[in-house]
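Each chain, written out:
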Amino acid sequence: QSPINMDAILLADLAADYATKVDVFVLNNNAANKRGILNVTGINAVTYTDASPTVAELYPKVADAIQQVHTNRFMPPTKIFMHPRRWAWFLAATDTSGRPLVTPYAAMNAAGAFGGVASEGLVGELQGLPVYVDPNIPINLGAGTNEDRIIVAKADDAILFEGNPRAEAFRETKADQLSVLLRFYNYVALHSERYPKAISVIAGTGLITTVAGTAGSAGSSGDGGAASMALLNSPSGLSVASNGDLY
C-alpha cells in the first residue's frame, strides 16, 4: 500500500488542466455566442506597429486603450492583461542612465510599478490599473505568427458562469487492467459580448516576441546572459536542435 494518495495527485493535475482550458476558452474561443475576449466583434482596436519596439512607444498606446474604454463604454477599465513575456519586457527596459522604467515602487518618471513575481496573476501597476499576467495569452498571432496581445478591459462586463466541478474515480471500469479511470469535469458558459467597447486590445508588429537580440542595437556580446538581452551582429537565421534548444 503506497503512502501517497495517487487519486488526489492525479485529480489535482486534472483540475489544473481544466483551469487552463477554461482560461484559453475565455481568451481565445471563436464560436458564435461564446467568443473569447480576443475575438469579440466591435472591441476598441489599438495598433502598435514598429520593427524596433520600445516601452516609450508602447506607453501612449496603453493610454489610448484606456481612454477608449472611458470614451466608448462611459465607464473606467479595471484591469490590464498581458503575457508574462510582455511584462518581462517592461521590467527589462531602462532609461538612458540604465535605470529601470518599472520599479518596485512607483517613482518619478517610472512607467509602472512592479508588485510581485508571478507566472499568472497580479504583478504590478501601469497607468493606475493593476496588471495581470496570463501565459495563455497567445504569442503566435499576426502575419509573422510572433505577436502577443495586451488587453485593457472593464473586466466585470465579461461574465463567466461555472457549475460545481466534479471529480470522480471509477475502479471497476478498467478493473481487468488493474487500472482506475479518473474524471474531472464541469459546465461553463461565457458572456463576453455584452459591451464590446469595454474591451481594448493592443495589437501589431510592436508586440513581437523577441527570442534573441536587442531590437535596434547591433553588437557581439551577451554570452552567459539572457538571449533577449544579447547584442547580435547581422543575424541570418534560427536553428532548432533535436532536444529543442534554439540556436
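Residues numbered from 1 in each chain as written. Predicted model: local features only at pLDDT ≥ 70, side-chain atom pairs only at ≥ 80, totals over all residues. Heavy atoms only, no water.

So, the overall build of the chain
Thinking step 1. Within the chain one finds three helices and twelve strands.
Thinking step 2. Contacts in the chain between residues at least 24 apart in sequence constitute 61% of all its contacts with a sequence separation of at least 6.
Thinking step 3. In the form shown here, the chain has an accessible surface area of approximately 14400 Å², with 55% of it arising from carbon and sulfur atoms. (Helix = DSSP H or I, 4+ residues; strand = E, 2+ residues; numbered from the N terminus. Contact = heavy atoms within 4.5 Å. Areas by Shrake-Rupley, 256 points an atom, 1.4 Å probe, with all protein chains shown as cover.)

Digging into the pattern of salt bridges
Pairing of side chains with opposite charge becomes possible as their charged atoms draw close.
Thinking step 1. One pass over the structure, following the stated rule, counts nine salt bridges.
Thinking step 2. A salt bridge links Arg99 to Asp95, with the nearest nitrogen and oxygen atoms 2.8 Å apart.
Thinking step 3. As a salt-bridge pair, Glu147 and Arg149 come within 3.0 Å of each other at their nearest N and O atoms.
Thinking step 4. Take Glu147: its relative accessible area is 6%, and that puts it in the buried class.
Thinking step 5. In this structure, a network of salt bridges that share partners links the residues Arg73, Lys154, Asp156 and Asp157. (Salt bridge = Lys/Arg side-chain N within 4 Å of Asp/Glu carboxyl O. Buried < 20%, exposed > 50% of the residue type's maximum accessible area, 1.4 Å probe, protein only.)

Some words on unusual backbone geometry
Thinking step 1. Phi at Phe74 takes a positive value of approximately 65°, unusual for a residue other than glycine.
Thinking step 2. Following the sequence through the fold, Phe74 ends up in the loop between helix H2 (55-73) and strand E2 (79-82).
Thinking step 3. One non-glycine residue, Thr145, lies in the positive phi region at around 45°.
Thinking step 4. Structurally, Thr145 is set in the loop between strand E6 (129-133) and strand E7 (150-153).
Thinking step 5. Its relative accessible area of 52% is what places Thr145 among the exposed residues.

Structural notes on the sheet that holds E2
Thinking step 1. Taken in spatial order, the eight strands of this open sheet run E1-E12-E7-E2-E6-E5-E4-E3, and their pairing is mixed. With partners counted over all chains shown, the strands left at the sheet margins are strand E1 (44-47) and strand E3 (102-103), one partner each.
Thinking step 2. Against the sheet, H2 makes contact with E1, E2, strand E5 (121-126), E6, E7 and strand E12 (199-203), and its axis sits at roughly 165° relative to E1, the strand it touches most. (Pairing = 2+ DSSP bridges. Axes fitted to C-alpha atoms, helices over the stretch in contact; angles between N-to-C directions.)

Observations concerning the environment of Ile159
Thinking step 1. By the element assignment, Ile159 lies in strand E8 (residues 159-162).
Thinking step 2. We classify Ile159 as partly exposed; its relative accessible area is 28%.
Thinking step 3. Taking the C-alpha atoms as reference points, Ile159 and His191, 32 residues apart in sequence, are found 5.1 Å from one another.

Some points on the packing of aromatic side chains
Thinking step 1. Evaluation of the coordinates by the stated rule reveals five aromatic pairs.
Thinking step 2. Aromatic side chains Trp89 and Phe90 sit 5.5 Å apart centroid to centroid with 80° between the ring planes, which places their arrangement in the edge-to-face category.
Thinking step 3. On the basis of relative accessible area, Trp89 is assigned to the partly exposed category, the value being 21%.
Thinking step 4. Judged by relative accessible area, which is 0%, Phe90 ranks as buried.
Thinking step 5. Ring-pair connections join several aromatic residues into one group, and the members of that group are Trp87, Trp89 and Phe90.
Thinking step 6. Of note, Arg73 hangs over the ring of Tyr195, and the distance from its end group to the ring centre comes to 3.7 Å. (Phe/Tyr/Trp six-rings, centres within 6.5 Å; stacked < 30°, edge-to-face > 60°. Lys NZ or Arg CZ within 6 Å of the ring centre and 35° of its normal.)

Quick word on helix H1 (residues 6-28)
An α-helical turn contains 3.6 residues, so any two residues separated by three or four positions project in the same direction.
Thinking step 1. With 23 residues, H1 extends 33 Å from end C-alpha to end C-alpha; this agrees with the ideal 33 Å at 1.5 Å per step.
Thinking step 2. Burial in H1 covers these residues: Leu11, Tyr18, Val22, Asp23, Phe25, Val26 and Leu27. (Expected span 1.5 Å × (residues − 1).)

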